[in-house]
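Read off the chains here:
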Amino acid sequence: MIRTRRTGRGYALRGAAVVAVVAMAGVTAGCKEQPASGSSAAPSAPAGSSSPTDDAKPGGSASPTRSAKPKEPVTASPEPGASSTTPAADPQGKVLMASGSEGKQVRELQARLRQIGHFNRSPTGYYGTVTVAAVQSFQGKRGLARTGRTDTVTWQKLLGMTHEPTAAELNPPTTRPVAKPDKRCLTGRVICISKNSRTLSWMIDGKVVSSMDVRFGSQYTPTREGTFSVYWKSRHHVSTIYHTAMPYAMFFSGGQAVHYSSDFAARGYNGASHGCVNVRDEGKIAALFAAVRNGDKVVVYK
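Small disclaimer: the values here were computed from a predicted structure and weren't measured.

Peer 1: Can you walk me through the overall build of the chain in this structure?
Peer 2: A count of helical and extended segments in the chain gives 7 helices and 15 strands. Restricting the contact set of the chain to residue pairs at least 6 apart, pairs at least 24 apart contribute 59%. Carbon and sulfur atoms form 54% of the exposed surface of the chain, whose accessible area is close to 15,000 Å².

Peer 1: Can you walk me through the pattern of salt bridges in this structure?
Peer 2: A side chain of one charge can pair with a side chain of the opposite charge if their charged atoms are brought near each other. This model, assessed by the stated rule, comprises 8 salt bridges. In this structure, the salt-bridge partner of E108 is R112, at a minimum N-O distance of 2.9 Å. One end of the pair is E108 and the other is R112, both in helix α2 (residues 104–115) and 4 residues apart, which spans about a single turn. According to the relative accessible area criterion, R112 is buried, its value standing at 6%.

Peer 1: Would you mind showing me how to read the sheet that holds strand β15 (residues 297–301) here?
Peer 2: Taken together, 9 strands build an open sheet; the order of strands is β9-β15-β6-β7-β8-β14-β12-β11-β10 and the sheet is mixed. The sheet is open, and its two borders are formed by β9 (226–229) and β10 (232–238), each paired with just one other strand. Looking at each pair of strands side by side, their axes are set apart by 30° on average, direction ignored. Note: strand β6 (residues 189–194) against strand β7 (residues 199–204), 6 bridges, orientation antiparallel. Its bridge partner lying in β7, I193 is registered against L200. Contacts between helix α7 (residues 282–291) and the sheet are confined to β6, β7, β8 (207–215), β10, β11 (245–253), β12 (256–260) and β14 (277–279), with β11 contributing the most and set at about 45° to the helix.

Peer 1: I would appreciate a short explanation of the environment of F251 in the present structure.
Peer 2: Note that F251 resides in strand β11. Here the alpha-carbon distance between F251 and K233, two residues 18 residues apart in the chain, equals 6.3 Å.

Peer 1: Looking at this structure, how should I read the side chain of R112?
Peer 2: Within polar-contact distance, the side chain of R112 engages the side chain of T162 at 2.8 Å. With residues near it in sequence (within four places) discarded, R112 still touches W155, L158, L159, T162, H163, E164 and P165.

Peer 1: Would you mind going over helix α4 (residues 152–161) with me for this structure?
Peer 2: Buried within α4 are the following residues: T154, W155 and L158. Viewed end-on, α4 has its buried residues packed into an arc of 95°, placing them on one side of the element. The exposed set on the far side of α4, more than 90 degrees from its buried face, consists of Q156 and G160. In this fold, the buried residues of α4 make contact with β4 (95–97), α2, α3 (129–141) and β5 (150–151). One side-chain oxygen of the residue at the start of α4 lies 3.1 Å from the amide nitrogen of V153, identifying that residue as D151.

Peer 1: Is there a simple way to explain the state of the cysteines in this structure?
Peer 2: Inspection of every chain in the model, using the stated rule, returns 1 disulfide. A sulfur-sulfur distance of 2.1 Å marks the disulfide that ties C185 to C192. Across the S-S bond of C185 and C192 the torsion is about 80°, and the bridge reads as right-handed. Exposure class is identical for C185 and C192. Each is buried.

Peer 1: I tried to follow the pairing of β11 on my own but got confused; where do I start?
Peer 2: Burial analysis of β11 places 8 of its 9 residues in the buried class, which makes it a mostly covered element. One ladder, built from 6 bridges, connects β10 with β11; its direction is antiparallel. When the sheet's bridge partners are listed, H236 is paired in β11 with P247. Hairpin connection from β10 to β11: 6 residues lie between these consecutive antiparallel strands, with H243 at a positive phi of about 60°. Following β11, the chain reverses through 2 residues before pairing antiparallel with β12; G254 in that reversal takes a positive phi of roughly 60°.

Peer 1: Just checking my understanding: could you explain unusual backbone geometry for this structure?
Peer 2: The bulk of non-glycine residues show a negative phi, and the bulk of peptide bonds are trans. Although it is not a glycine, D205 sits at a positive phi angle of roughly 50°. With respect to the helices and strands, D205 occurs in the loop between β7 and β8. The phi dihedral of Y248 is positive, around 60°, even though this residue is not glycine. Turning to its location among the elements, Y248 is positioned in strand β11.

Peer 1: Got a minute to help me understand the nonpolar core in this structure?
Peer 2: Residues I191, I193, M250 and V258 are the most contacted members of the largest nonpolar core, which totals 23 residues. At the level of secondary structure, the elements contributing two or more residues to this core comprise β6, β7, β8, β11, β12, β14, α7 and β15. Apart from residues no more than four positions distant in its own chain, I191 is found in contact with L200, S201, W202, V230, M250, V292, K297, V298 and V299. By size, the runner-up hydrophobic cluster in this structure holds 13 residues, among which are F119, V132, A134 and W155.

Calculation rules
- Throughout, a residue's number is its position along its own chain's written sequence, starting from 1.
- At least 70 in pLDDT is required for a residue's local features to be given in this predicted model, at least 80 for side-chain atom pairs to be given and counted, and no such filter applies to totals for whole chains, interfaces and linings, which use all residues.
- To obtain the side-chain values, all non-hydrogen atoms of the structure were used and water was disregarded.
- Think of it this way: any DSSP run of H or I at least four residues long counts as a helix, any run of E at least two long counts as a strand, and we number them from the N terminus.
- Whether two residues touch is decided by their heavy atoms; if any such pair falls within 4.5 Å, the residues are in contact.
- Per-residue and other accessible areas were derived by the Shrake-Rupley procedure at a 1.4 Å probe size, with only the shown protein chains allowed to occlude residues.
- When a carboxyl oxygen of Asp or Glu lies within 4 Å of a side-chain nitrogen of Lys or Arg, that pair is called a salt bridge.
- For the exposure calls, accessible area comes from a 1.4 Å probe over protein chains only, and a residue counts as buried if that area is under 20% of its type's maximum, exposed if over 50%, partly exposed in between.
- In this description, strands pair whenever DSSP reports at least two bridges between them.
- Angular values range over 0 to 180 degrees, each being the angle between N-to-C directions of two axes fitted as lines to C-alpha atoms, with helices fitted over their stretch in contact.
- Under the rule applied, a polar contact is a pair of N or O atoms within 3.5 Å (in protein, one hydrogen donor and one hydrogen acceptor; residues adjacent in sequence only if both atoms are side-chain atoms).
- Arc definition: directions from the helix axis to the C-beta atoms.
- Note on disulfides: each one is a pair of cysteine sulfur atoms within 2.5 Å.
- Put simply, a nonpolar core is a bunch of buried Ala, Val, Leu, Ile, Met, Phe, Trp, Tyr and Cys residues held in one set by side-chain atoms that sit within 4.5 Å of each other.

Written out as C-alpha coordinates, the structure is:
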(Lines give C-alpha, C1' and ligand atoms only; values in the text may rest on other atoms or scores of the structure.)
Protein backbone atom coordinates (compact mmCIF):
# COMPACT_ATOMS: atom_id res chain seq x y z
CA MET A 1 0.00 0.00 0.00
CA ILE A 2 1.25 3.50 -0.77
CA ARG A 3 0.51 6.13 1.87
CA THR A 4 0.67 9.86 1.40
CA ARG A 5 1.34 12.42 4.09
CA ARG A 6 -1.20 15.16 4.53
CA THR A 7 0.27 18.67 4.67
CA GLY A 8 -1.26 22.11 4.67
CA ARG A 9 -1.12 22.12 0.88
CA GLY A 10 -2.82 18.74 0.34
CA TYR A 11 -1.49 15.32 -0.50
CA ALA A 12 2.08 14.82 -1.66
CA LEU A 13 1.08 12.37 -4.36
CA ARG A 14 -1.91 12.93 -6.59
CA GLY A 15 -3.72 11.85 -9.70
CA ALA A 16 -2.22 9.67 -12.35
CA ALA A 17 1.06 9.16 -10.49
CA VAL A 18 -0.77 7.40 -7.66
CA VAL A 19 -2.77 5.25 -10.04
CA ALA A 20 0.34 4.18 -11.94
CA VAL A 21 2.29 3.28 -8.83
CA VAL A 22 -0.63 1.37 -7.29
CA ALA A 23 -1.14 -0.58 -10.49
CA MET A 24 2.52 -1.56 -10.56
CA ALA A 25 2.49 -2.56 -6.88
CA GLY A 26 -0.57 -4.74 -7.45
CA VAL A 27 1.31 -6.82 -10.00
CA THR A 28 4.71 -6.99 -8.38
CA ALA A 29 3.76 -7.24 -4.72
CA GLY A 30 4.79 -10.37 -2.94
CA CYS A 31 4.53 -12.01 0.43
CA LYS A 32 7.20 -12.75 2.96
CA GLU A 33 6.77 -14.84 6.07
CA GLN A 34 6.78 -13.12 9.42
CA PRO A 35 6.10 -14.03 13.06
CA ALA A 36 2.48 -14.54 14.04
CA SER A 37 2.63 -11.23 15.93
CA GLY A 38 2.73 -9.45 12.55
CA SER A 39 6.07 -7.65 12.71
CA SER A 40 6.80 -6.46 9.20
CA ALA A 41 10.57 -6.76 9.45
CA ALA A 42 10.82 -10.20 10.99
CA PRO A 43 13.40 -12.83 10.02
CA SER A 44 12.22 -15.99 8.33
CA ALA A 45 12.60 -17.99 11.53
CA PRO A 46 12.48 -17.12 15.24
CA ALA A 47 15.85 -16.47 16.81
CA GLY A 48 16.78 -18.27 19.99
CA SER A 49 13.73 -20.53 20.11
CA SER A 50 14.33 -23.43 22.47
CA SER A 51 11.19 -25.52 21.98
CA PRO A 52 10.22 -27.58 18.91
CA THR A 53 8.06 -25.72 16.45
CA ASP A 54 5.64 -27.27 13.97
CA ASP A 55 8.46 -29.18 12.34
CA ALA A 56 11.63 -27.10 12.27
CA LYS A 57 14.94 -26.99 14.05
CA PRO A 58 14.90 -24.62 17.07
CA GLY A 59 16.17 -21.23 15.97
CA GLY A 60 14.75 -21.73 12.49
CA SER A 61 17.86 -23.38 11.06
CA ALA A 62 17.30 -26.24 8.68
CA SER A 63 20.89 -27.48 8.63
CA PRO A 64 21.68 -31.13 9.43
CA THR A 65 22.56 -32.08 12.99
CA ARG A 66 26.31 -32.29 13.67
CA SER A 67 27.90 -35.51 14.82
CA ALA A 68 31.37 -36.59 15.92
CA LYS A 69 33.77 -36.62 13.01
CA PRO A 70 34.47 -40.22 11.92
CA LYS A 71 37.90 -41.42 10.85
CA GLU A 72 36.71 -41.79 7.30
CA PRO A 73 33.74 -39.69 6.21
CA VAL A 74 30.86 -41.72 4.83
CA THR A 75 28.15 -40.19 2.72
CA ALA A 76 24.79 -41.52 1.70
CA SER A 77 23.39 -41.55 -1.81
CA PRO A 78 20.43 -39.17 -1.90
CA GLU A 79 17.02 -40.72 -2.37
CA PRO A 80 14.85 -39.57 -5.28
CA GLY A 81 13.08 -36.37 -4.28
CA ALA A 82 15.31 -35.79 -1.24
CA SER A 83 17.35 -32.67 -0.66
CA SER A 84 20.93 -32.53 -1.87
CA THR A 85 22.23 -31.87 1.65
CA THR A 86 24.47 -34.78 2.72
CA PRO A 87 24.22 -35.47 6.48
CA ALA A 88 27.29 -36.47 8.47
CA ALA A 89 28.14 -40.13 9.08
CA ASP A 90 26.77 -41.90 12.15
CA PRO A 91 28.27 -44.83 14.13
CA GLN A 92 25.00 -46.73 13.61
CA GLY A 93 25.50 -46.69 9.85
CA LYS A 94 25.14 -44.30 6.96
CA VAL A 95 22.87 -41.37 7.65
CA LEU A 96 19.99 -41.40 5.19
CA MET A 97 18.03 -38.42 6.49
CA ALA A 98 18.57 -35.70 9.08
CA SER A 99 17.31 -32.27 10.12
CA GLY A 100 16.80 -30.19 7.00
CA SER A 101 16.17 -33.12 4.63
CA GLU A 102 13.13 -32.99 2.37
CA GLY A 103 11.44 -35.36 -0.02
CA LYS A 104 9.48 -38.56 -0.50
CA GLN A 105 11.61 -40.68 1.81
CA VAL A 106 11.09 -38.19 4.66
CA ARG A 107 7.34 -38.41 4.10
CA GLU A 108 7.55 -42.21 4.23
CA LEU A 109 9.61 -42.03 7.43
CA GLN A 110 6.99 -39.84 9.06
CA ALA A 111 4.14 -42.09 7.92
CA ARG A 112 5.86 -45.20 9.32
CA LEU A 113 6.64 -43.47 12.62
CA ARG A 114 3.01 -42.43 12.82
CA GLN A 115 1.88 -46.05 12.38
CA ILE A 116 3.57 -46.99 15.67
CA GLY A 117 2.74 -43.83 17.63
CA HIS A 118 5.95 -41.83 17.39
CA PHE A 119 4.77 -39.10 15.01
CA ASN A 120 1.46 -37.48 15.94
CA ARG A 121 0.63 -35.51 12.81
CA SER A 122 0.26 -35.87 9.08
CA PRO A 123 3.46 -36.33 7.04
CA THR A 124 4.90 -33.11 5.63
CA GLY A 125 7.99 -34.34 3.80
CA TYR A 126 10.14 -31.95 5.84
CA TYR A 127 12.60 -33.21 8.48
CA GLY A 128 12.32 -30.64 11.29
CA THR A 129 12.46 -30.77 15.07
CA VAL A 130 9.22 -32.73 15.40
CA THR A 131 10.65 -35.46 13.18
CA VAL A 132 13.96 -35.37 15.06
CA ALA A 133 12.09 -35.88 18.35
CA ALA A 134 10.04 -38.72 16.84
CA VAL A 135 13.17 -40.51 15.60
CA GLN A 136 14.85 -40.03 18.99
CA SER A 137 11.81 -41.56 20.70
CA PHE A 138 11.90 -44.55 18.35
CA GLN A 139 15.66 -44.99 18.77
CA GLY A 140 15.45 -44.79 22.58
CA LYS A 141 12.83 -47.55 22.74
CA ARG A 142 14.94 -49.78 20.50
CA GLY A 143 18.17 -49.36 22.45
CA LEU A 144 19.82 -47.22 19.77
CA ALA A 145 21.75 -44.00 20.26
CA ARG A 146 19.22 -41.16 20.34
CA THR A 147 20.81 -39.13 17.55
CA GLY A 148 17.58 -38.00 15.93
CA ARG A 149 19.13 -38.84 12.55
CA THR A 150 17.75 -41.67 10.46
CA ASP A 151 20.70 -43.96 9.75
CA THR A 152 20.62 -47.35 8.04
CA VAL A 153 20.22 -49.29 11.31
CA THR A 154 17.31 -47.11 12.49
CA TRP A 155 15.69 -47.29 9.06
CA GLN A 156 15.90 -51.08 8.83
CA LYS A 157 14.43 -51.52 12.31
CA LEU A 158 11.57 -49.19 11.40
CA LEU A 159 10.92 -51.05 8.14
CA GLY A 160 10.72 -54.31 10.06
CA MET A 161 8.08 -52.97 12.44
CA THR A 162 5.82 -51.18 9.97
CA HIS A 163 4.04 -51.75 6.68
CA GLU A 164 4.46 -49.80 3.47
CA PRO A 165 2.39 -46.63 3.86
CA THR A 166 -0.74 -46.32 1.77
CA ALA A 167 -1.41 -43.29 -0.40
CA ALA A 168 -3.83 -41.98 2.24
CA GLU A 169 -1.18 -42.39 4.96
CA LEU A 170 1.42 -40.56 2.91
CA ASN A 171 -0.88 -37.76 1.80
CA PRO A 172 -3.82 -37.30 4.17
CA PRO A 173 -6.37 -34.73 2.97
CA THR A 174 -5.25 -32.26 5.65
CA THR A 175 -3.93 -32.20 9.20
CA ARG A 176 -6.94 -30.07 10.20
CA PRO A 177 -10.70 -30.72 9.91
CA VAL A 178 -11.96 -29.29 6.63
CA ALA A 179 -14.63 -26.63 7.09
CA LYS A 180 -18.07 -26.80 5.53
CA PRO A 181 -17.67 -24.92 2.24
CA ASP A 182 -19.13 -21.48 1.84
CA LYS A 183 -22.17 -21.41 -0.46
CA ARG A 184 -20.13 -19.40 -2.98
CA CYS A 185 -17.88 -22.46 -3.39
CA LEU A 186 -20.63 -24.82 -4.51
CA THR A 187 -20.72 -23.97 -8.21
CA GLY A 188 -17.97 -24.01 -10.81
CA ARG A 189 -14.21 -24.31 -10.27
CA VAL A 190 -13.30 -22.77 -6.92
CA ILE A 191 -10.33 -22.46 -4.58
CA CYS A 192 -12.34 -22.39 -1.35
CA ILE A 193 -10.36 -21.02 1.62
CA SER A 194 -11.59 -21.01 5.22
CA LYS A 195 -9.79 -18.78 7.71
CA ASN A 196 -11.45 -20.42 10.72
CA SER A 197 -10.39 -23.97 9.87
CA ARG A 198 -7.18 -22.80 8.13
CA THR A 199 -7.82 -25.12 5.21
CA LEU A 200 -8.04 -24.79 1.44
CA SER A 201 -10.28 -27.02 -0.66
CA TRP A 202 -10.10 -27.25 -4.44
CA MET A 203 -13.71 -27.78 -5.54
CA ILE A 204 -15.39 -28.48 -8.85
CA ASP A 205 -19.19 -28.23 -9.05
CA GLY A 206 -19.57 -28.61 -5.29
CA LYS A 207 -17.27 -31.62 -4.89
CA VAL A 208 -13.97 -31.47 -2.99
CA VAL A 209 -11.11 -32.65 -5.20
CA SER A 210 -8.27 -31.97 -2.72
CA SER A 211 -7.68 -30.19 0.59
CA MET A 212 -4.60 -28.78 2.30
CA ASP A 213 -3.48 -26.76 5.32
CA VAL A 214 -2.98 -23.03 4.85
CA ARG A 215 -2.00 -20.00 6.88
CA PHE A 216 -2.61 -16.31 6.34
CA GLY A 217 -1.29 -12.81 6.95
CA SER A 218 -1.00 -11.34 10.43
CA GLN A 219 -3.41 -8.77 11.88
CA TYR A 220 -1.26 -6.01 10.38
CA THR A 221 -1.07 -7.58 6.92
CA PRO A 222 -4.36 -9.50 6.68
CA THR A 223 -5.37 -11.75 3.83
CA ARG A 224 -8.33 -10.16 2.08
CA GLU A 225 -11.73 -11.84 2.32
CA GLY A 226 -14.23 -12.03 -0.49
CA THR A 227 -14.72 -13.51 -3.94
CA PHE A 228 -11.86 -13.16 -6.43
CA SER A 229 -10.45 -14.96 -9.45
CA VAL A 230 -7.00 -16.20 -10.39
CA TYR A 231 -5.54 -13.64 -12.78
CA TRP A 232 -1.91 -14.76 -12.99
CA LYS A 233 0.05 -17.96 -12.35
CA SER A 234 3.81 -17.90 -11.79
CA ARG A 235 5.53 -21.27 -11.20
CA HIS A 236 8.92 -19.94 -10.04
CA HIS A 237 7.84 -16.58 -8.71
CA VAL A 238 10.14 -14.44 -6.55
CA SER A 239 8.72 -11.48 -4.65
CA THR A 240 9.91 -8.18 -6.09
CA ILE A 241 9.35 -6.54 -2.69
CA TYR A 242 10.87 -9.06 -0.28
CA HIS A 243 13.04 -11.03 -2.74
CA THR A 244 11.78 -14.34 -1.34
CA ALA A 245 10.63 -17.37 -3.31
CA MET A 246 6.90 -17.88 -3.86
CA PRO A 247 6.74 -21.19 -5.80
CA TYR A 248 3.48 -22.16 -7.50
CA ALA A 249 2.06 -18.67 -7.01
CA MET A 250 -1.56 -18.12 -8.08
CA PHE A 251 -2.39 -14.41 -7.74
CA PHE A 252 -5.99 -13.52 -6.95
CA SER A 253 -6.01 -10.03 -5.35
CA GLY A 254 -3.29 -7.50 -6.14
CA GLY A 255 -0.05 -8.93 -4.74
CA GLN A 256 -1.81 -11.62 -2.68
CA ALA A 257 -1.48 -15.17 -3.95
CA VAL A 258 -1.85 -18.79 -2.96
CA HIS A 259 1.65 -20.30 -2.99
CA TYR A 260 3.97 -22.86 -1.41
CA SER A 261 5.90 -21.71 1.67
CA SER A 262 8.98 -23.55 2.90
CA ASP A 263 8.77 -21.41 6.02
CA PHE A 264 5.26 -22.73 6.71
CA ALA A 265 6.55 -26.27 6.13
CA ALA A 266 9.29 -25.62 8.68
CA ARG A 267 7.63 -23.47 11.34
CA GLY A 268 3.94 -24.11 10.89
CA TYR A 269 1.59 -21.67 12.54
CA ASN A 270 4.38 -19.98 14.51
CA GLY A 271 4.72 -17.63 11.56
CA ALA A 272 2.48 -15.68 9.19
CA SER A 273 2.59 -14.24 5.69
CA HIS A 274 2.30 -10.64 4.54
CA GLY A 275 -1.16 -11.37 3.18
CA CYS A 276 -0.67 -14.38 0.94
CA VAL A 277 -2.25 -17.78 1.50
CA ASN A 278 0.64 -20.12 2.37
CA VAL A 279 0.50 -23.87 1.67
CA ARG A 280 3.00 -26.15 3.42
CA ASP A 281 2.59 -29.32 1.36
CA GLU A 282 4.59 -28.86 -1.83
CA GLY A 283 3.15 -31.94 -3.53
CA LYS A 284 -0.41 -30.73 -3.04
CA ILE A 285 0.22 -27.16 -4.14
CA ALA A 286 2.04 -28.46 -7.23
CA ALA A 287 -1.00 -30.55 -8.18
CA LEU A 288 -3.32 -27.62 -7.49
CA PHE A 289 -1.17 -25.30 -9.60
CA ALA A 290 -1.38 -27.74 -12.50
CA ALA A 291 -5.17 -27.99 -12.22
CA VAL A 292 -6.11 -24.34 -11.72
CA ARG A 293 -6.67 -22.08 -14.71
CA ASN A 294 -6.68 -18.30 -14.97
CA GLY A 295 -10.21 -17.13 -14.28
CA ASP A 296 -11.00 -19.84 -11.70
CA LYS A 297 -12.80 -18.46 -8.66
CA VAL A 298 -11.16 -17.90 -5.28
CA VAL A 299 -13.33 -17.52 -2.18
CA VAL A 300 -11.74 -16.47 1.14
CA TYR A 301 -14.09 -16.51 4.13
CA LYS A 302 -14.14 -16.93 7.91
